[in-house]
Amino acid sequence: MTTQCNATRHGTLTAYTVDGCRCPDAVETKRAYAREWAANRRACGTTAARGVDELAVDLAVAGHPMALRPVERTAAVAQLDRYDLKDWQRAERLGVSRRTILRHRAARRNQQAA
Ligand SMILES: [Zn+2]
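Residues numbered from 1 in each chain as written. Predicted model: local features only at pLDDT ≥ 70, side-chain atom pairs only at ≥ 80, totals over all residues.

Enquirer: I would appreciate a short explanation of the overall build of the chain in the present structure.
Expert: Across its full length, the chain holds six helices and zero strands. Residue burial in the chain is summarised as follows: out of 114 residues, 21% are buried. (Helix = DSSP H or I, 4+ residues; strand = E, 2+ residues; numbered from the N terminus. Buried ≥ 20, exposed ≤ 12 C-beta atoms within 10 Å, placed from the backbone.)

Right, here's the structure in full:
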């Protein structure tokens, strides 16, 4: 069976997460990132002791299902807001509802205004 792959740049994490590229290189790249993330997680100790887990945020923004803490989710939404995406696309990327995206943005605006 041949699967049509529309990714423009095969084998990259972005191709995997955004374009749905499942070429062997892309799969391996994704696995490498997951391993790196897991290793980083172990090296860092408990999540409570740290601030924002930047790598988790980056991976979430790249489309990996990540268990983000609220502060990290806020950072992820802020990062996604810089991308030229529709809100539903941002929501899909983070695995949250569109309303969550709007809620975070409103909270950020209120914070900046205060
Ligand atoms: Zn591909």
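After that view of the structure, there is still more to cover.
Enquirer: Where do I start with helix α3 (residues 54-61) in this structure?
Expert: Of the residues making up α3, those classed as buried are A56, V57, L59, A60 and V61. Taken from the residues just after α3, G63 is the one with a positive phi, measuring 105°.

Enquirer: Would you mind going over the packing of helix α5 (residues 87-94) against helix α6 (residues 98-113) with me for this structure?
Expert: What describes two packed helices is the angle between their axes and the distance between those same axes. Across the interface, α5 lies against α6 with an axial gap of 8 Å and an inter-helix angle of 100°. Taken as axis vectors, α5 and α6 run roughly perpendicular relative to one another. On α6, the residues that touch D87, W88, R90 and A91 of α5 are R98, T100, I101 and L102. For the contact of α5 with α6, a count of residues per class yields four nonpolar, one polar and three charged. (Axes fitted to C-alpha atoms, helices over the stretch in contact; angles between N-to-C directions. Parallel < 35°, antiparallel > 145°, perpendicular 65-115°, else oblique. Contact = placed C-beta atoms within 7 Å. Nonpolar A, V, L, I, M, F, W, Y, C, P; charged D, E, K, R; others polar.)

Enquirer: Could you clarify how one ought to interpret the nonpolar core in this entry?
Expert: Here is a general trend for soluble globular proteins: nonpolar side chains tend to be buried in one another's company. Counting 13 residues, the largest nonpolar core has A56, V57, A60, L68 and A76 as its most contacted members. At the level of elements, α3 and α4 (70-80) are the ones that each hand at least two residues to this core. Per-element accounting of this core gives the leading share, five residues, to α3. When near neighbours in sequence (up to four residues on either side) are disregarded, V57 contacts V52, L68, E72, A75, A76 and Q79. (Core = buried A, V, L, I, M, F, W, Y, C linked by C-beta atoms within 7 Å.)

Enquirer: Looking at this model, I keep getting lost on the environment of R69. Mind explaining?
Expert: Looking at where R69 falls in the secondary structure, it is placed in the loop between α3 and α4. The exposure class of R69 is partly exposed, given the 16 C-beta atoms found within 10 Å. Distance in space between the C-alpha atoms of R69 and A56 is 9.7 Å, their sequence separation being 13 residues.

Enquirer: Where do I start with the confidence of the model for the chain in this structure?
Expert: Low pLDDT marks regions whose predicted coordinates should not be analysed in detail. Of the residues in the chain, 89% have a pLDDT of 70 or more, and the chain-wide mean is 83. The spread of mean pLDDT over the elements of the chain runs between helix α2 (residues 24-44), the lowest at 81, and α5, the highest at 90. (pLDDT = per-residue confidence, 0-100.)

Enquirer: Would you mind showing me how to read the environment of E36 here?
Expert: Mapped onto the secondary structure, E36 falls in helix α2. The class of E36 is exposed, set by 12 C-beta atoms lying within 10 Å. Put simply, E36 and L55 are 19 residues apart on the chain and 9.2 Å apart in space, counted from C-alpha to C-alpha.

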